[in-house]
Amino acid sequence: MKRLLRSLWDEPPPASSPVPIRWDAVLLAVLAAAVLLEGLLRPELPWRAATVVVGLAVLPTLLWRRTRPLLAVVVAFGVTGLASPVIGAEPRLASMVYLLLLPYGLFRWGSGRAIVVGTGVLVAKVGSGLLLDLSPGDAAGGLAVLVATAATGAAVRYRANARARELAQVTLVERERLARDLHDTVAHHVSAMVIRAQAGIAVAATAPDAAVDALRVIEAEASRTLAEMRSIVRVLRSDDAAERMPAPRAADLARLAADPASGPPVDVRFVGNLDELPPPIDSAIYRLGQESITNARRHARHATRIEVRVVADADTVSLRVSDDGDPGSSRAPGYGILGMIERADLLGGRCAAGPAPGRGWTVDVVLPRTAA
């Protein structure tokens, strides 16, 4: 219980969306007119002039209900509480129902400390009215109305916080997806440039023509990378729809076998029908295969081959990428492998990567054909 009270006390105020001040000015004008009209049209109203003055005096506190909700509650209910002994009764203007906006604002926009202190002020106000001229039934009814109003404010506050958490989660998911797509596209071209540059440096002294060829390949890869980066930045900086391009498919893995990047040859084979794969599965198989081939070319030392096998049956699609190189010393998985595992998991499948028995490195992926 102590921990619960401490968490309530430390609760920060939520971020409130500002409302144009002109609407508050219109609200105050309408309510002021209602108070004046009621004061004029109710001849049986006790202490009419004083009651109308009190109703108008506390009206400006509505302007503070979002920015200073505790101050608004203290001033409004403090003034009405002090006025009650002076006029001999509680102000009985029906138009003063607007005071319910203050406890609503307290629980909607106030901090935990403000809610605790403001609740004490509201309870004290009901208690003073009970001692002055309210019957127990009227006091209980007023307290019930205050509780319902405060509960409404707390419920709206909770819904707004839940919505903010949903937006934060969506932002996080989009950020992760953007990072994964950047790695799958731009990083692939950069890796090809690095490999080609290393090859050009190695042969520059003995085969200048080969070094020039490597520079041409690097230029082409750099141009594609720059175009993709500009496209991504344009999408991030604009609300316009992104340019639509056909999503890569599993069958496009065959193009990677003819990739100009230096490295061991890539043998791609397909088994089964790949024509009716769901688009997310089709694209994921290509991205996973592309990342696996890039990793093999970069990290598999002394490799002489890279084998890619895609097998589709009635229920699943399997991808295996293996090489015969030296995987090197054991190390923690990088962002590429983590992204592959995450992508497969999101589609209801699995991805495993590790040293193969004997020699080489193997990536095994299994995805269900029915994944959404």
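Residues numbered from 1 in each chain as written. Predicted model: local features only at pLDDT ≥ 70, side-chain atom pairs only at ≥ 80, totals over all residues. Heavy atoms only, no water.

As named in an unreviewed UniProt entry, the protein is histidine kinase, taken from Cryptosporangium minutisporangium. Entered under Catalytic activity (unreviewed entry) in the UniProt record, the comment concerning the protein runs "ATP + protein L-histidine = ADP + protein N-phospho-L-histidine." (UniProt positions renumbered as here; feature names shortened; annotations may be inferred.)

Here we take up the overall build of the protein. Secondary structure assignment for the protein yields 11 helices and 5 strands. Across the 372 residues that make up the protein, the buried fraction comes to 37%. Pairs at least 24 residues apart make up 73% of the contacts formed inside the protein by residues separated by at least 6 positions. (Helix = DSSP H or I, 4+ residues; strand = E, 2+ residues; numbered from the N terminus. Buried < 20%, exposed > 50% of the residue type's maximum accessible area, 1.4 Å probe, protein only. Contact = heavy atoms within 4.5 Å.)

Looking now at the pairing of strand β1 (residues 266-271). In this sheet, strand β2 (residues 306-312) lies alongside β1 in parallel orientation, the contact comprising 6 bridges. Residue pairing for β2: Val271 is matched across the bridge by Val311. As a crossover connection, the stretch from β1 through helix α10 (residues 279-299) into β2 is left-handed. (Pairing = 2+ DSSP bridges. Right-handed = clockwise from strand over helix to strand, strands pointing away.)

What follows concerns the packing of helix α4 (residues 69-87) against helix α5 (residues 101-109). Viewed as axis vectors pointing N to C, α4 and α5 meet at an angle of 160°, and their least axial separation amounts to 8 Å. With respect to α5, the element α4 is oriented roughly antiparallel. Judged by the sense of rotation from one axis to the other, the crossing of α4 with α5 is left-handed. Contacts from Pro69, Leu70, Ala72, Val73, Ala76 and Phe77 in α4 reach Leu102, Pro103, Gly105, Leu106 and Trp109 in α5. (Axes fitted to C-alpha atoms, helices over the stretch in contact; angles between N-to-C directions. Parallel < 35°, antiparallel > 145°, perpendicular 65-115°, else oblique. Left-handed = near helix turned anticlockwise from the far one by under 90°.)

Moving on, we come to the pairing of strand β4 (residues 350-355). Consecutive residues of a regular strand have side chains that alternate between opposite faces of the sheet. Across 6 bridges, the pairing between β4 and strand β5 (residues 361-368) is antiparallel. Following the sheet pairing, Gly354 is matched in β5 by Thr362. Hairpin geometry of β4 and β5 is characterised by an intervening segment of 5 residues between the two adjacent antiparallel strands and by a positive phi of about 95° at Gly358.

Those places that UniProt annotates as "transmembrane region" (unreviewed entry) correspond, in this numbering, to residues 70-87. Within residues 70-87, the helical portion is 100% and the strand portion 0%, while the C-alpha atoms at the span's ends are 26 Å from each other.

Mapped onto the elements, Gln290 comes out in helix α10. For the pair Gln290 and Leu253, spaced 37 residues apart in the sequence, the C-alpha separation amounts to 7.2 Å.

If you trace the backbone, Thr149 turns up in helix α7 (residues 136-203). Once residues within four sequence positions are removed from consideration, Thr149 is found in contact with Leu100, Pro103 and Tyr104.

With the rule as written, the count across this model stands at 16 salt bridges. Between Asp24 and Arg66 there is a salt bridge, with the nearest N and O atoms lying 3.1 Å from each other. With Asp24 in helix α2 (residues 21-41) and Arg66 in the loop between α3 (48-57) and α4, this pair connects stretches of sequence that are 42 residues apart. If you follow the salt bridges from partner to partner, you end up with Asp267, Arg269, Arg305, Glu307, Arg309 and Asp324 in one network. (Salt bridge = Lys/Arg side-chain N within 4 Å of Asp/Glu carboxyl O.)

Pairing in this open sheet of 5 strands is mixed, and the strands run β1-β2-β3-β5-β4 from one edge to the other. This sheet does not close on itself; its edge strands, each paired only once, are β1 and β4. Strand after strand, the sheet turns through a mean of 10° between neighbouring axes, direction not considered. Where β2 lies against strand β3 (residues 316-323), 7 bridges are found, and the strand directions are antiparallel. Counterpart to Glu307 in the pairing with β3 is Ser322. Taken strand by strand, α10 contacts β1, β2, β3 and β5, and its axis lies near 10° from that of β3.

The periodicity of an α-helix, 3.6 residues per turn, causes residues three or four positions apart to be oriented the same way. Along its 21 residues, α10 runs 30 Å from first to last C-alpha, staying within 8% of the 30 Å computed at 1.5 Å per residue. Across the 21 residues that make up α10, a large majority, 16, are buried. (Expected span 1.5 Å × (residues − 1).)

What follows concerns the nonpolar core. With 29 residues, the main nonpolar core has Leu59, Leu62, Phe77, Met96, Tyr98, Leu99 and Leu102 as its most contacted residues. Those elements that provide at least two residues to this core are α2, α3, α4, α5, α6 (112-132) and α7. The biggest single contributor to this core is α4, with 5 residues. Once you skip the residues sitting within four places of it in the chain, Leu99 turns out to touch Val58, Ala76, Phe77 and Thr80. Counting residues in each nonpolar core, the second largest holds 28 residues, with Val310, Val321, Leu347 and Val363 among its members. (Core = buried A, V, L, I, M, F, W, Y, C linked by side-chain atoms within 4.5 Å.)

The subject of this paragraph is the packing of aromatic side chains. In this structure the tally under the stated criterion is 1 aromatic pair. Considering the side-chain rings of Tyr104 and Trp109, the 6.1 Å spacing of their centres and the 85° angle between planes classify their relative orientation as edge-to-face. Exposure remark for Trp109: the relative accessible area of 13% places this residue in the buried category. (Phe/Tyr/Trp six-rings, centres within 6.5 Å; stacked < 30°, edge-to-face > 60°.)

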